[in-house]
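Here's the letter readout for the chains.
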Amino acid sequence: KPPPAPAPVAKGPVVLKIPNGTGYTVAEVKCDSGVRERANFAGGTATVANIPGPGMDNCTALFKGAGAPAKAKVAGGKTYNCTFDGSFANCK
């Protein structure tokens, strides 16, 4: 039988990875509870600290620096690989 699922993190970093050449320089994560944190991309990765974990809040990452900002839903304690289609970020 599968191991039990890990307990949800109350808060943790969101690690966002983007392809080279997208032009995005800053990731900002905003949550419905008022949490707002930002981080700069370095080498295609930005780590945004102190974001509520899955199920704790409703959070959106905004990618800024290249034309219109792109958005994606995120949760703390996870790492996402993001691709972009216009202003839509697909982060898994």
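Residues numbered from 1 in each chain as written. Predicted model: local features only at pLDDT ≥ 70, side-chain atom pairs only at ≥ 80, totals over all residues. Heavy atoms only, no water.

**What about the packing of aromatic side chains?**
Alright, step 1. As enumerated under the stated definition, the model contains 4 aromatic pairs in all.
Alright, step 2. Seen from their ring centres, Phe41 and Phe63 are 6.0 Å apart, and the 15 degrees between their planes marks the pair as stacked. On the criterion of sequence distance, the pair formed by Phe41 in the loop between β3 (36–40) and β4 (45–52) and Phe63 in strand β5 (residues 59–64) is long-range, its members being 22 residues apart. Each member of the pair, Phe41 as well as Phe63, is classed as buried. (Phe/Tyr/Trp six-rings, centres within 6.5 Å; stacked < 30°, edge-to-face > 60°. Helix = DSSP H or I, 4+ residues; strand = E, 2+ residues; numbered from the N terminus. Buried < 20%, exposed > 50% of the residue type's maximum accessible area, 1.4 Å probe, protein only.)

**What about the pairing of β5?**
Alright, step 1. Across the 6 residues of β5, 5 count as buried, placing the element largely inside the fold.
Alright, step 2. In terms of strand pairing, strand β2 (residues 26–31) meets β5 through 6 bridges, oriented antiparallel. Opposite Val29, over in β5, you have Ala61 as the bridge partner.
Alright, step 3. Two strands pair when backbone bridges link them, and β5 and strand β6 (residues 70–74) are joined in this way by 5 bridges, in the antiparallel orientation. Its bridge partner being in β6, Leu62 is matched across the sheet by Lys71.
Alright, step 4. Hairpin connection, β5 to β6: the antiparallel pair is bridged by 5 residues, and Gly65 has positive phi, about 120 degrees. (Pairing = 2+ DSSP bridges.)

**Some words on the nonpolar core**
Alright, step 1. Membership of the largest hydrophobic core comes to 24 residues, with the highest contact counts inside it found for Leu16, Val29, Phe41, Ile51, Phe63, Val74 and Tyr80.
Alright, step 2. Elements with a contribution of two residues or more to this core: β1 (11–17), β2, β4, β5, β6, β7 (78–85) and β8 (88–91).
Alright, step 3. Apart from the residues within four sequence positions on either side, Val29 is in contact with Val35, Arg36, Glu37, Val48, Ile51, Cys59, Thr60, Ala61 and Val74. (Core = buried A, V, L, I, M, F, W, Y, C linked by side-chain atoms within 4.5 Å. Contact = heavy atoms within 4.5 Å.)

**Comments concerning the state of the cysteines**
Alright, step 1. In total, this model carries 2 disulfides according to the counting rule given.
Alright, step 2. Two residues share a disulfide in this structure: Cys31 and Cys59, whose sulfurs sit 2.1 Å from each other. Here Cys31 and Cys59 share a disulfide; its torsion about the S-S bond, 110 degrees, makes the bridge right-handed. On the criterion of sequence distance, the pair formed by Cys31 in strand β2 and Cys59 in strand β5 is long-range, its members being 28 residues apart.
Alright, step 3. With a relative accessible area of 2%, Cys59 lands in the buried category.
Alright, step 4. Sequence-ordered numbering of the bonded cysteines in the protein chain gives a disulfide pattern of 1-2, 3-4. (Disulfide = S-S within 2.5 Å.)

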